[in-house]
Amino acid sequence: MRYISTRGQAPALSFEEVVLTGMASDGGLYVPETVPQLSYEELADMAGCSYAEIAFRVMKPYVGGEIDDETFRGIVRDAYRTFSHDAVVPLNQLDANHYLLELFHGPTLAFKDVALQLLGRLLDHFLAKRGERAVIMGATSGDTGSAAIEGCRHCDNLDIFILHPHERVSEVQRRQMTSVLADNVFNIAIEGNFDDAQAMVKASFADQSFLNGTRLVAVNSINWARIMAQIVYYVASAVALGAPHRKVSFCVPSANFGNVFAGYMAYRMGLPVERFVIATNANDILHRTLADNDFSKRDLVATLAPSMDIVVSSNFERLLFEAYQRDGKAVAELLERFQDEPTALAEAPLSRLRECFASHSVDDATILEVIREAHQRTQEILDPHTATGYRAAERERGDESVPMITLATAHPAKFAEAVVKAGFPGVPLPPHMEDLLEREERYTVLPAELSAVQAFVAENRR
Ligand SMILES: *Cc1c(COP(=O)(O)O)cnc(C)c1O
């Protein structure tokens with residue numbers, strides 16, 4: 001399998017290269033050159049298979065023979081053994097035909113574990129094969145950092161440096177990162193805000209000379225392997241509810257669009273999907289684009305669903321590439337205009353998107369109302385991100401005879417603030433994390449200065 005850029009200018013890469021590379025050199029994102037197909041029989045054959053087996057079958061064509069089957073099966077099995085539920089991503093029935101897909105049974109209690117448990121292992125495999133080492137750098141305000149650290153803590157060939165804004169992430173989120181005491185894990189608390197941390201990571205990718213030739217790898221959701229890993233749970237949950245013999249719909253709490261784009265890929269591979277509902281919080285660029293063709297930036301709003309607080313959805317570019325029928329030039333032009341001014345999609349691509357996507361935006365007051373209402377009706381306590389999905393799924397359900405699967409992207413204990421605001425006493429952490437608040441922490445506080453951060457990375461990498 002070859003991978004091409006959404007902006008049409010960068011060289012095509014192999015799977016191994018695409019996993020080790022972040023953004024394409026033309027500023028675009030890599031996508032597979034062709035979409036592998038899952039036949040009706042292949043889907044039907046997955047009924048009753050383990051999650052790891054379905055994962056192997058769905059991802060195999062993307063790997064394109066670059067890892068032998070036995071080794072890849074082992075990598076997949078190890079990645080999903082870290083989940084605390086035997087189903088890995090269990091379905092939980094909410095009403096006659098509405099289901100929650102619980103994606104939060106991984107080590108850090110949010111769906112990002114599904115992709116990052118695999119990505120860390122894939123990186124380590126390819127680096128070992130090449131006899132190379134690499135450094136991972138990332139900035140986080142929460143979920144991504146801890147999931148990346150958990151995904152890399154056992155990797156011999158990787159050192160990971162995660163920057164978070166000092167005293168500006170929740171205690172649970174900080175401790176999920178800083179209580180991992182592995183030799184290759186470095187937490188840096190920046191005396192500044194998230195944007196300062198992110199700017200330093202970006203600058204480090206732009207000029208990597210401080211690493212003297214060691215490769216710097218990004219694990220944010222522009223990495224193709226993250227999307228690939230997320231395709232699997234769309235297929236697995238649909239098959240569990242009767243696909244390919246019947247259709248399902250999905251509702252996805254969305255921010256950078258990586259998650260719902262993976263669902264779209266499952267659909268393009270042949271999974272029968274009726275519609276995708278995109279749920280957003282008050283940062284509603286995706287909803288404004290689909291509903292009103294208002295593709296423009298707005299100021300960031302801090303909400304009760306902080307992992308969905310974004311101004312721009314980076315992975316939306318991958319969907320635009322498909323909507324514009326893979327015209328990289330048109331995508332590049334649109335996105336260059338979008339950087340500077342409010343813009344709109346052309347008519348034909350927009351109507352293509354509206355054929356399979358609906359959207360709904362949910363404000364903070366509604367998030368609290370939904371947490372209470374869902375509890376009254378189902379006894380479930382939803383996390384605030386999942387709450388946006390629950391409401392969007394109900395409002396944009398469409399044909400009620402089609403099962404609706406809402407993706408539960410985080411465990412409610414991880415976002416206790418919203419749950420308490422909704423009037424509940426809080427949610428206990430699951431057993432494997434009960435002692436989180438007593439665990440030893442390790443992190444280094446640094447000033448928001450690029451030279452200080454780069455010196456720390458250069459000195460401490462192994
Ligand atoms: C990252 C995250 C999201 C948003 O996912 P995208 O792939 O960026 O659309 C939603 N909910 C939670 C809990 C997250 O951590």
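Further up the page is the structure itself.
These lines cover the structure that appears in this document, whether it is placed above or below. For clarity, every value in this text was computed on a predicted model and none was experimentally measured. (Residues numbered from 1 in each chain as written. Predicted model: local features only at pLDDT ≥ 70, side-chain atom pairs only at ≥ 80, totals over all residues. Heavy atoms only, no water.)

1. Remarks on the site of the ligand
To keep things clear, this is the line we draw: Near, as used in this document, describes a residue that has one of its heavy atoms within 4 Å of the molecule or strand being considered. Polar contact criterion, stated in full: a pair of N or O atoms within 3.5 Å, where within protein one must be able to donate a hydrogen and the other to accept it, and residues adjacent in sequence count only if both atoms are side-chain atoms. All accessible areas in this document rest on Shrake-Rupley with a 1.4 Å probe, and a residue is counted as covered only by the protein chains that are shown. Each residue receives one of three labels: charged for Asp, Glu, Lys and Arg, nonpolar for Ala, Val, Leu, Ile, Met, Phe, Trp, Tyr, Cys and Pro, and polar for the others, Gly being one of them.
The environment of the ligand is made up of 15 residues, and the closest members are Lys112, Asp143, Ala255, Asn256 and Thr409. In this structure, an oxygen atom belonging to the ligand sits 3.0 Å away from a main-chain N or O atom of Phe257. One nitrogen or oxygen atom from the main chain of Gly258 is found 3.3 Å from an oxygen atom belonging to the ligand. About the coverage of the ligand: the protein hides 97% of its 390 Å² of free accessible area. When its residues are assigned to classes, the shell around the ligand shows 6 nonpolar, 7 polar and 2 charged.

2. A few points about the state of the cysteines
Put simply, the test is: When two cysteine sulfur atoms lie within 2.5 Å, the pair is treated as a disulfide.
Scanning all chains against the criterion turns up 0 disulfides. Cys356 carries a free sulfur, and the closest cysteine sulfur to it, the one in Cys251, is 14 Å from it.

3. With respect to the pairing of strand β5 (residues 134-139)
Note on strand geometry: in a regular strand, side chains alternate between the two faces of the sheet. To keep things clear, this is the line we draw: Under the scheme applied here, a residue whose accessible area is under 20% of the maximum for its type counts as buried, over 50% as exposed, and between as partly exposed, the area being computed with a 1.4 Å probe on protein chains only. For helices the rule is a DSSP run of H or I covering at least 4 residues; for strands it is a run of E covering at least 2, with both sets numbered from the N terminus onward. Only strands joined by at least two bridges in the DSSP assignment are considered to pair.
For β5, the tally of buried residues reaches 5 of 6 residues, placing the bulk of the element in the interior. Alignment of β5 against strand β8 (residues 215-217), held across 3 bridges, turns out to be parallel. In the strand pairing of β8, Ala134 is matched with Arg215.

4. A word on the nonpolar core
Definition in use: Nonpolar core, defined: a set of buried Ala, Val, Leu, Ile, Met, Phe, Trp, Tyr and Cys residues in which side-chain atoms within 4.5 Å join the residues together. Should any heavy atoms of two residues lie within 4.5 Å, those residues are counted as being in contact.
If you look at the biggest cluster of nonpolar residues, it comprises 135 residues, and the most contacted ones within it are Tyr80, Phe250 and Phe357. The leading source of residues in this core is helix α9 (residues 224-240), at 13 residues. If sequence neighbours within four positions are ignored, Tyr80 has contacts with Tyr51, Ala55, Val88, Val114, Leu118 and Ala229.

5. Describing the sheet that holds β8
What counts is decided by this rule: Only the stretch in contact is used when a helix axis is fitted, and all axes are lines through C-alpha atoms; the angle between N-to-C directions ranges over 0 to 180 degrees.
As summarised here, the arrangement of the 5 strands in space is β8-β5-β6-β7-β13, forming an open sheet in which the pairing is parallel. Each edge of the open sheet is held by one strand with a lone partner, namely β8 and β13 (444-447). For this sheet, the mean inter-axis angle between neighbouring strands, taken without regard to orientation, is 30°. Sheet topology note: the strand β6 (residues 158-165)/strand β7 (residues 185-191) ladder contains 6 bridges and is parallel. Of the residues in β7, the one forming a bridge with His164 is Ala189. Sitting on the sheet, helix α5 (residues 112-130) is in contact with β5, β6 and β8, with an inclination near 140° to β6. Each of β5, β6, β7 and β13 is contacted by helix α18 (residues 450-460), which is oriented at about 140° to β13, the strand it contacts most.

Functional significance is not addressed by these values, which are geometric in nature.
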